[in-house]
Amino acid sequence: MLEPLRQGLPPLDPAAVSSAASCALPARFEAVRDARQFTRRTLDQWDLGDRFDDVCLVVSELVTNALRHAVPSAPRGELEPAVRLHLMRWTERLVCAVRDPSNDSPVAREADDFSAESGRGLFLVDSFCDGWGWHPLAGTLSGKVVWALFRLRPAD
């Protein structure tokens, strides 16, 4: 799941993850609130509460996009939850990854109309994190993962 994170960064060894947490989210928009609460609890446990505002905004956008664009196009009757949020922490990096059932790539729209009520989600993600991307799932899983990376300050 982490191979695309190598873009311009040192390799991130999945075995070197110091902390990881994930939660399943139902296919309803109230799940965005659940994702924010899960993120708050997790970052507090990891003593990263000072990063909550930026991380929470990105998590909210990624989960909203998954629910709005990916879940309606997904095949019905799958046993897996519609959306899953993963938070992974290394010493100096935090990754938020949202898995959804769609194989369609996320599309960042042009931010021409700044008064529009939607359409700027990926622009916000790009503005608040240190890098983001996506990749299709492999093996028997269908869908994709959209991820955002945050650099963390080194521990004192």
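Check the entry above for the structure.
Residues numbered from 1 in each chain as written. Predicted model: local features only at pLDDT ≥ 70, side-chain atom pairs only at ≥ 80, totals over all residues. Heavy atoms only, no water.

A. Spatial organisation of the overall build of the protein. Of regular secondary structure, the protein possesses three helices and five strands. A burial count over the protein gives 43% of its 156 residues as buried. Taking contacts inside the protein between residues at least 6 apart in sequence as the whole, the part at least 24 apart equals 68%. When the accessible surface of the protein is totalled, it reaches about 8700 Å², and 48% of it is carbon and sulfur. (Helix = DSSP H or I, 4+ residues; strand = E, 2+ residues; numbered from the N terminus. Buried < 20%, exposed > 50% of the residue type's maximum accessible area, 1.4 Å probe, protein only. Contact = heavy atoms within 4.5 Å. Areas by Shrake-Rupley, 256 points an atom, 1.4 Å probe, with all protein chains shown as cover.)

B. The arrangement of the sheet that holds strand β2 (residues 83–89) in detail. In spatial order, the strands read β1-β2-β3-β5-β4; together these five strands make up an open sheet with antiparallel pairing. Each edge of the open sheet is held by one strand with a lone partner, namely β1 (19–25) and β4 (131–136). Averaged over all neighbouring strand pairs, the angle between strand axes comes to 15 degrees, with direction disregarded. Where helix α1 (residues 31–45) meets the sheet, it contacts β1, β2 and β3 (93–100), and its direction lies at approximately 165 degrees from that of β1. (Pairing = 2+ DSSP bridges. Axes fitted to C-alpha atoms, helices over the stretch in contact; angles between N-to-C directions.)

C. Just the packing of aromatic side chains, in detail. All told, the structure shown has zero aromatic pairs when counted by the stated rule. The ring centre of Phe 52 lies 3.7 Å from the NZ or CZ of Arg 40, which sits over that ring. (Phe/Tyr/Trp six-rings, centres within 6.5 Å; stacked < 30°, edge-to-face > 60°. Lys NZ or Arg CZ within 6 Å of the ring centre and 35° of its normal.)

D. Up close: the packing of α1 against helix α2 (residues 52–70). Where α1 contacts α2, the axes come no closer than 9 Å and their chain directions differ by 150 degrees. When the axes of α1 and α2 are compared, the crossing they make is right-handed. Within the contact between the two elements, α1 uses Ala 31, Val 32, Ala 35, Arg 36, Thr 39, Arg 40 and Leu 43 and α2 uses Phe 52, Val 55, Cys 56, Val 59, Ser 60, Val 63, Thr 64 and Leu 67. Taken together, the residues of the contact of α1 with α2 break down into 10 nonpolar, three polar and two charged. (Left-handed = near helix turned anticlockwise from the far one by under 90°. Nonpolar A, V, L, I, M, F, W, Y, C, P; charged D, E, K, R; others polar.)

E. Quick peek at the pairing of β2. For β2, a buried count of six out of seven residues is recorded, marking the element as mostly surrounded by other parts of the structure. Pairing between β1 and β2: seven bridges, direction antiparallel. Across the sheet, the residue bridging to Ser 19 is Arg 89, located in β2. The pairing of β2 with β3 spans six bridges and is classified as antiparallel. The partner of Met 88 across the bridge, within β3, is Val 95. Where β2 folds back on β3, the antiparallel hairpin that results is connected by three residues.

F. Here's a closer look at the nonpolar core. Core analysis: the largest hydrophobic core is formed by 32 residues, its most contacted members being Leu 25, Val 59, Leu 62, Val 63, Leu 85 and Phe 150. Elements that contribute at least two residues to this core include exactly β1, α1, α2, β2, β3, α3 (121–128) and β5 (144–151). Per-element accounting of this core gives the leading share, nine residues, to α2. With residues up to four places along the chain from it excluded, the contact list for Leu 85 reads Ala 21, Ser 22, Cys 23, Leu 25, Ala 35, Phe 38, Thr 39, Val 59, Ala 97 and Val 98. (Core = buried A, V, L, I, M, F, W, Y, C linked by side-chain atoms within 4.5 Å.)

G. Just the state of the cysteines, in detail. Overall, the coordinates contain zero disulfides when judged by the stated rule. Distance from the sulfur of Cys 56, which forms no disulfide, to the nearest cysteine sulfur (Cys 96) is 9.7 Å. The thiol sulfur of Cys 96 is not disulfide-bonded, and the nearest other cysteine sulfur, from Cys 129, lies at 8.5 Å. In this structure Cys 96 comes out as buried when scored by relative accessible area, which is 0%. (Disulfide = S-S within 2.5 Å.)

H. Fine view of the packing of α2 against α3. At a minimum axis distance of 9 Å, the contact between α2 and α3 shows a crossing angle of 150 degrees. One way to sum up the angle between α2 and α3 is to call them roughly antiparallel. For the pair α2 and α3, the sense of crossing is left-handed. Note on element contacts: α3 touches α2 through Gly 121, Leu 122, Leu 124, Val 125 and Phe 128, opposite Asp 54, Leu 57, Val 58, Glu 61, Leu 62 and Asn 65. Its residues assigned to classes, the contact of α2 with α3 shows seven nonpolar, two polar and two charged. (Parallel < 35°, antiparallel > 145°, perpendicular 65-115°, else oblique.)

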